[in-house]
Amino acid sequence: MSNENQNTSPRLFLIFGDQLNFDSLLFQAVNPQHDRLLMAEVLEESNGLDSPSSQQRTVLFFSAMRHFRANLKAQGFQVDYTPITDHCPDFTTALSAQLSRHPFDHLKAVLPGDERVRTTVTQWAQHNAINIEWLADHHFITQPGEFQEWIKNKKQPRMEYWYRYLRKSRNILMEPDGKPLGGKWNYDASNRRAFGKQGPNRENLSSECDFNHEDDSIVQEVIHDVKSVLPDLAGKLTHFNWPVTRPQALQQLQWFVEQQLPHFGDYQDAMWEEQPFLHHSRLASSLNLKLLSPSEVITAAETAYHHYQLPLNAVEGFVRQILGWREYVRGLYWLHRSEWPHMNFLQAKRPLPKFYWSADTDMHCLQQSIQQVIKHGYGHHIQRLMVTGLFSLLYGVNPSEIERWYLSMFVDAVAWVEQPNTLAMSQFADGGLLASKPYIASGNYIHKMSNYCQTCPFNPKLAVGKQACPFTTLYWHFIQQHYTLLQNNPRLAMQVKHWDNKSSEEQHAINQQAQSLFKRLSVS
Ligand code: FAD
Ligand code: SF4
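Residues numbered from 1 in each chain as written. Chains lettered and ligands numbered in written order. Predicted model: local features only at pLDDT ≥ 70, side-chain atom pairs only at ≥ 80, totals over all residues. Heavy atoms only, no water.

## Quick word on the sheet that holds strand 5 (residues 131-135)
Here is step 1: Taken together, five strands build an open sheet; the order of strands is 3-2-1-4-5 and the sheet is parallel. A strand with exactly one partner marks an edge of an open sheet, and here the two such strands are strand 3 (78-82) and strand 5. Along the sheet, successive strands turn relative to each other by an average axial angle of 25°, direction set aside.
Here is step 2: Alignment of strand 1 (residues 11-14) against strand 4 (residues 106-110), held across four bridges, turns out to be parallel. Residue pairing for strand 4: Phe 13 is matched across the bridge by Lys 108.
Here is step 3: Sheet strands in contact with helix 3 (residues 55-74) are strand 2 (36-40) and strand 3, and its direction is about 155° off that of strand 3. (Pairing = 2+ DSSP bridges. Helix = DSSP H or I, 4+ residues; strand = E, 2+ residues; numbered from the N terminus. Axes fitted to C-alpha atoms, helices over the stretch in contact; angles between N-to-C directions. Contact = heavy atoms within 4.5 Å.)

## With respect to the site of ligand 1
Here is step 1: Around ligand 1 sit 29 residues in total, of which His 280, Ser 281, Arg 282, Asn 288 and Tyr 378 are the nearest.
Here is step 2: Between ligand 1 and the protein, one listed contact pairs an oxygen atom with a side-chain N or O atom of His 280 at 2.7 Å.
Here is step 3: Asn 421 places a polar side-chain atom, nitrogen or oxygen, 2.9 Å from a nitrogen atom of ligand 1.
Here is step 4: Elements with a contribution of two residues or more to the shell around ligand 1: helix 10 (284-288), helix 12 (312-335), helix 15 (381-395) and helix 17 (415-426).
Here is step 5: Here the shell around ligand 1 is composed, by residue class, of 14 nonpolar, ten polar and five charged. (Near = heavy atom within 4 Å. Polar contact = N/O pair within 3.5 Å; in protein donor to acceptor, adjacent residues only side chain to side chain. Nonpolar A, V, L, I, M, F, W, Y, C, P; charged D, E, K, R; others polar.)

## Overview of the packing of aromatic side chains
Here is step 1: Tallied over the entire structure, the rule returns 36 aromatic pairs.
Here is step 2: Here the aromatic rings of Phe 27 and Phe 77 are separated by 5.5 Å at their centres, their planes lie at 70°, and the arrangement is edge-to-face. Separated by 50 residues along the polypeptide, Phe 27 in helix 1 (residues 26-29) and Phe 77 in the loop between helix 3 and strand 3 bring together distant segments of the chain.
Here is step 3: Residue Phe 77 is classed as buried on the basis of its relative accessible area, which comes to 6%. (Phe/Tyr/Trp six-rings, centres within 6.5 Å; stacked < 30°, edge-to-face > 60°. Buried < 20%, exposed > 50% of the residue type's maximum accessible area, 1.4 Å probe, protein only.)

## Examining helix 19 (residues 470-481)
Here is step 1: Its twelve residues place the ends of helix 19 16 Å apart at the C-alpha level, agreeing with the 16 Å of an ideal helix rising 1.5 Å per residue.
Here is step 2: With respect to burial, helix 19 is a largely interior element, ten of its twelve residues being buried.
Here is step 3: Elements that come into contact with the buried residues of helix 19 comprise helix 14 (364-376), helix 15, helix 18 (443-449), helix 20 (483-487), helix 21 (493-500) and helix 22 (504-523). (Expected span 1.5 Å × (residues − 1).)

## What about the site of ligand 2?
Here is step 1: Around ligand 2, a shell composed of Met 363, Cys 365, Gly 443, Ile 446, Tyr 452, Cys 453, Cys 456, Phe 458, Pro 460, Cys 469 and Phe 471 is seen.
Here is step 2: Considering only residue class, the shell around ligand 2 consists of ten nonpolar, one polar and no charged.

## Notes on the packing of helix 9 (residues 246-264) against helix 12
Here is step 1: Close contact between helix 9 and helix 12 brings their axes to 7 Å; oriented N to C, the two are set at 100°. The angle between helix 9 and helix 12 places the two elements in the roughly perpendicular class. Facing helix 9, whose interface residues are Phe 256, Leu 261, Pro 262 and Phe 264, helix 12 presents Ala 314, Val 315, Gly 317, Phe 318 and Gln 321.
Here is step 2: Residues belonging to the contact of helix 9 with helix 12 are distributed by class as follows: seven nonpolar, two polar and no charged. (Parallel < 35°, antiparallel > 145°, perpendicular 65-115°, else oblique.)

## Points about the pairing of strand 5
Here is step 1: Alignment of strand 4 against strand 5, held across five bridges, turns out to be parallel. Considered in strand 5, the bridge of His 106 is made with Asn 131.
Here is step 2: With helix 5 (residues 115-127) bridging strand 4 and its parallel neighbour strand 5, the resulting β-α-β unit is right-handed. (Right-handed = clockwise from strand over helix to strand, strands pointing away.)

## Re the nonpolar core
Here is step 1: Counting residues in each nonpolar core, the largest one holds 149 residues, and the members touching the most others are Leu 37, Leu 366, Phe 391 and Phe 471.
Here is step 2: By residue number, the principal contributor to this core is helix 12, which donates eleven residues. (Core = buried A, V, L, I, M, F, W, Y, C linked by side-chain atoms within 4.5 Å.)

## Digging into the environment of Ala 314
Here is step 1: Positionally, Ala 314 belongs in helix 12.
Here is step 2: Note on Ala 314: relative accessible area 1%, which makes it buried.
Here is step 3: On a C-alpha basis, the gap between Ala 314 and Gln 268 in space is 8.6 Å, while along the polypeptide they are 46 residues apart.

## Quick word on the pattern of salt bridges
Here is step 1: Within the structure shown, the criterion is met by 22 salt bridges.
Here is step 2: Of the charged contacts, one joins Glu 45 and Arg 116 as a salt bridge, the two residues approaching to 2.9 Å between their closest N and O atoms. Here Glu 45 is found in helix 2 (residues 44-47), whereas its partner Arg 116 is found in helix 5, with 71 residues between them in sequence.
Here is step 3: Note on Arg 116: relative accessible area 22%, which makes it partly exposed.
Here is step 4: Between Asp 225 and Arg 66 there is a salt bridge, with the nearest N and O atoms lying 2.9 Å from each other. (Salt bridge = Lys/Arg side-chain N within 4 Å of Asp/Glu carboxyl O.)

## Considering the environment of Phe 428
Here is step 1: Mapped onto the elements of the fold, Phe 428 is located in the loop between helix 17 and helix 18.
Here is step 2: Between the C-alpha atom of Phe 428 and that of Phe 27, which follows or precedes it by 401 residues, the distance is 39 Å.
Here is step 3: Apart from the residues lying within four places of it in its own chain, the contact partners of Phe 428 are Phe 345, Leu 346, Leu 423, Ala 435, Ser 436, Lys 437, Pro 438 and Leu 485.

From the geometry alone we can't say anything about function, so treat these as descriptive.
As structure tokens, this is what we get:
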């Protein structure tokens, strides 16, 4: 805490809901005797057009914020807090109210996770002649400006090389001679196993009963407030079970490292009916609210590797997600910050099918993947990429519609991480900034990686007919629709060739099937 500025102008420090870390730069700058802090639960961030939020996500954010406020007060900070029951429409209204209550002429805040919020608050400050300073976000492993410097001369930047650069420069999972531990940078090929007919071993499987964070009195109060002020938010609140404090998040980290990390690698991409969590960590929401730092999560995994001889493919696979992907998408988000909302490289225009909000569909993989999001605010990466995301891509949903769905429904969604994942990785709306090709597959991929198809009325092998799997029909339709783009991509040329090898009758029948699917889903 700083003594700087003790007798000068009054200052306000604004803390956003995803900045709940005491080691942030803000706490180095604040003077508890002279400065005030503001936290606000505003309607726009819960039911706004650009920033909708489900019941699970809203309760998570508000509960974690109210816990943080209690902690701040206990430490002697002067905190002003606007609860959702004040019906404050947005951050600018909260700031104006604060200005009249406790005038200030300096505003400081850590860079928010959403460019829209940064722009709005900056404009408000300029309009009110308030001096605003955005502090760098030191939660991340990457230093400010480091990603821009790294990417500057790369013709075809890819996450893998960024990840190697960070492993070397931060000495993570490295041999003393500068080579990667075990001799390879990447064990991805060992991390794509399906569970097989017998399914996952239920003895070491993660379940919704592993924790019980719902009994907390602050969570109870938030649930009450959200139900009364925002009764129409999407999703369900039958069971809320996400960490809302740092001790809870640390408990979850320890549980993951001990119980699930050993199995994480092999089955990272696998899916199974009625098993929403499998061996995944469920740590993204705690990381994104900053209850945990990425460095401590990586250190916990690396330490466990050395102490308990955990499988390297599991530990490396997990570290790659956080050190590689998480830091990479953040860099990319800020690099293209004003472009994301307008991206639509494939010119996709269809509205999001209604079943994304209800799970009311006979496609079993989608029913399962959406149902668990409605209930828990959670789906693991392959469900997001290769079920809900894949269907949207093949069906041709307008990227901004599917983007809003992901932002609203997942507890871990914050623009900086959700937008590059949805718009770039999943929907190819960026035209290839992040990935070298669209992630497309037929129903056969889902069949291989899960047991969803076993109880589905459709057959993943069929593209035409009553039992045709919509994924398979739309996969071929997508290839035909984007033929030139895919033909010129060496990684997809083979798939295009398979389309070429179909007879014109077959191609015509697939097209007819796709058209009737579009018609059926647009009215259902
Ligand atoms: P685990 O599978 O246990 O992975 C460990 C950690 O690695 C995660 O907690 C997360 O912090 C990090 N991670 C893994 N993959 C990624 C990735 N691609 N980008 C960034 N970090 C990653 N992640 C979010 O944190 N918020 C989002 O809003 C989000 N939206 C997504 C939307 C789509 C369409 C897709 C395809 C992916 C999205 N992801 C998002 C990435 C990833 O799916 C989630 O981080 C992960 O599923 C969260 O579950 P977990 O904590 O159990 O992760
Ligand atoms: Fe999904 Fe097709 Fe399998 Fe049904 S058959 S579960 S729609 S992939």
